[in-house]
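# Secondary and tertiary structure notes
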Amino acid sequence: MKLPAKIKIANLPTKIEKLERLSQKLEGHEIYIKRDDQTGTEISGNKVRKLEYTVKEALNQGCDYLITCGGIQSNHARATAAVAAKLGINSFLVLRSKGEKKVEGNCFLDQVLGAQIRFITADEYRDHRMDIMKEVKAELDKKGHKAYIIPEGASNGIGTFGYYHAMEEILKQEEEMGIKFDAIVTAVGSGGTYAGLFYANEVSENNAKIFGVNVCDDANYFKEAIFNILHESFEYTNKPIKFSKEEINMIDGYVGVGYALSRPEELRFIHELAKLEGLILDPVYTGKAMYGLVEEIKRGNLKECKNILFIHTGGLFGLFPKKDQFSF
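This report concerns the structure included in the present document. (Residues numbered from 1 in each chain as written. Predicted model: local features only at pLDDT ≥ 70, side-chain atom pairs only at ≥ 80, totals over all residues. Heavy atoms only, no water.)

### A look at the packing of helix α2 (residues 47-60) against helix α3 (residues 75-87)
As a reminder, the rule being used: Helix axes use the C-alpha atoms of the stretch in contact, all axes being lines fitted to C-alpha atoms, and the angles between their N-to-C directions lie in the range 0 to 180 degrees. Per the convention used, a helix needs a DSSP run of H or I reaching at least four residues, while a strand needs a run of E reaching at least two, with both numbered from the N terminus. Reported orientations rely on four angle classes, namely roughly parallel under 35 degrees, roughly antiparallel over 145, roughly perpendicular from 65 to 115, and oblique for the rest. Handedness of each helix crossing follows the sense of rotation of the near helix against the far helix: counterclockwise by less than a right angle gives left-handed, clockwise gives right-handed. Note on contacts: a residue pair is in contact if any heavy atoms of the two residues lie within 4.5 Å. In this classification, the charged set is Asp, Glu, Lys and Arg, the nonpolar set is Ala, Val, Leu, Ile, Met, Phe, Trp, Tyr, Cys and Pro, and all remaining amino acids, among them Gly, are polar.
Running from N to C, α2 and α3 point in directions that differ by 50°, and their axes come no closer than 10 Å. The pairing of α2 with α3 is recorded here as oblique in orientation. Between α2 and α3 lies a crossing whose hand is right-handed. Note on element contacts: α3 touches α2 through Asn75, His76, Ala79, Thr80, Val83 and Leu87, opposite Lys47, Val48, Leu51, Val55 and Leu59. For the contact of α2 with α3, the residue count by class is 7 nonpolar, 3 polar and 1 charged.

Structure representation (structure tokens):
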């Protein structure tokens, strides 16, 4: 299937590594990790795969501004600011804030990269973020710019192809490694990464199960969101797939105390895995998702999945604002 055009800005393909010592602890399961945290430095993480497609569409439309939104420690917002700077265009970020006094982590990098930022409240973000981005676009258009709005996480029809392409990459790596993954697991915060993996898995008639561990909202919310994202992506390919929402596998129950909020057991897990494998996970996405995966295995809920691939979606910079919550 021919995918839409994209820019090439990420370091691809990313490697797959086996987590030897974690696998030994989880007897009967072999755990591998795809290092999408290594797609770049400023643009590190999964978001750049999606931005390669969304930003190409923006450039094709003659846009000179990228507008997007996210939490104050949004990896996607930081990646958008970095891509814009790299391409010589502008970025405007609408960020959810609780009035944080310290500017650190991703938000600090947003400013280093030259992004314009508008901070809004959690209520404004939940109910009006798209309206606010449209207002920003109208303001910029009045000044003679042409702005392109990228939704939260670049999780829309065009962004889906970032992880469609990643799934194609995984299938090639399976051949090279002489392995077949029974399950592919990713954190889910907006749905686009899961949607791309699921779409390509179905089109290629691959028999892996795609699991998402939601880090906010609940399973039903993301089944609906992913269903809608996929149907939007079909408009670009004219190759729809038949599927039901029940086929979207969500591992629910690991949101904890809320999005971007950490429980002590989650931070302990991040610390223990770092010491065990020399691998750093982030507290918002991969830390919760890997914690959830390991807990599900311990509970015997993934007995049929021997070879498991976890997608490391990045987020290192979001760990630094949590430094005071760790106990050493």
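### Considering the packing of helix α9 (residues 264-277) against helix α10 (residues 286-298)
Packing of α9 against α10 leaves a shortest axis separation of 9 Å and a crossing angle of 85°. One element, α9, and the other, α10, form an angle in the roughly perpendicular class. For the pair α9 and α10, contact is made by Glu265, Glu266, Phe269, Ile270 and Leu273 and by Gly287, Lys288, Met290, Tyr291 and Val294, respectively. Here the residues of the contact of α9 with α10 are counted per class, giving 6 nonpolar, 1 polar and 3 charged.

### Some details on the pairing of strand β8 (residues 209-214)
We count it as follows: Residue burial is assigned from relative accessible area. The probe radius is 1.4 Å, only protein chains are included, and a residue is buried under 20% of its type maximum, exposed over 50%, and partly exposed in between. By the convention used here, strands pair only if DSSP detects at least 2 bridges between them. Assignment of crossover handedness uses the view with strands pointing away from the viewer, where a clockwise path from the first strand over the helix to the second indicates a right-handed crossover.
In terms of residue burial, β8 counts as a mostly covered element, since 5 of its 6 residues are buried. Here strand β7 (residues 183-188) pairs with β8 via 6 bridges, running parallel. Along β8, the bridge assignment pairs Val185 with Phe211. Handedness of the β-α-β unit built from β7, helix α7 (residues 192-203) and β8 comes out right-handed. Two elements, β8 and strand β9 (residues 249-251), share 3 bridges in a ladder whose sense is parallel. Note on β9: the bridge partner recorded for Phe211 is Asn249. Each parallel crossover has a hand, and for β8 linked through helix α8 (residues 219-237) to β9 it is right-handed.

### Observations regarding the layout of surface pockets
Formally: A cavity, in this analysis, means grid points on a 1 Å lattice covering only the protein atoms where a 1.4 Å probe fits yet has no way out; a pocket is instead an open set bounded by protein on both sides within 12 Å along at least five of seven lines, and a residue lines either one if it has an atom within 4 Å of a point. Grid points are joined across faces, edges and corners, and a volume is the space filled by probe spheres set on the points.
Here the largest pocket is characterised by a volume of approximately 1,000 Å³. Forming the boundary of the largest pocket are 41 residues, of which Gly71, Ile72, Arg96, Tyr259 and Ala260 lie nearest the centre. Among the secondary structure elements, those contributing two or more residues to the lining of the largest pocket are β3 (65-71), α3 and α5 (122-142). Its boundaries defined by the atoms lining it, the second largest pocket holds a volume of some 300 Å³. What lines the second largest pocket is a set of 17 residues, among which Arg129, Glu152, Ser155, Ser190 and Tyr221 lie closest to the centre. Secondary structure elements with two or more residues in the lining of the second largest pocket: α5 and α8. For the lining of the second largest pocket, the element with the highest residue contribution is α8, accounting for 7 residues. Per-class residue counts for the lining of the second largest pocket are 8 nonpolar, 5 polar and 4 charged.

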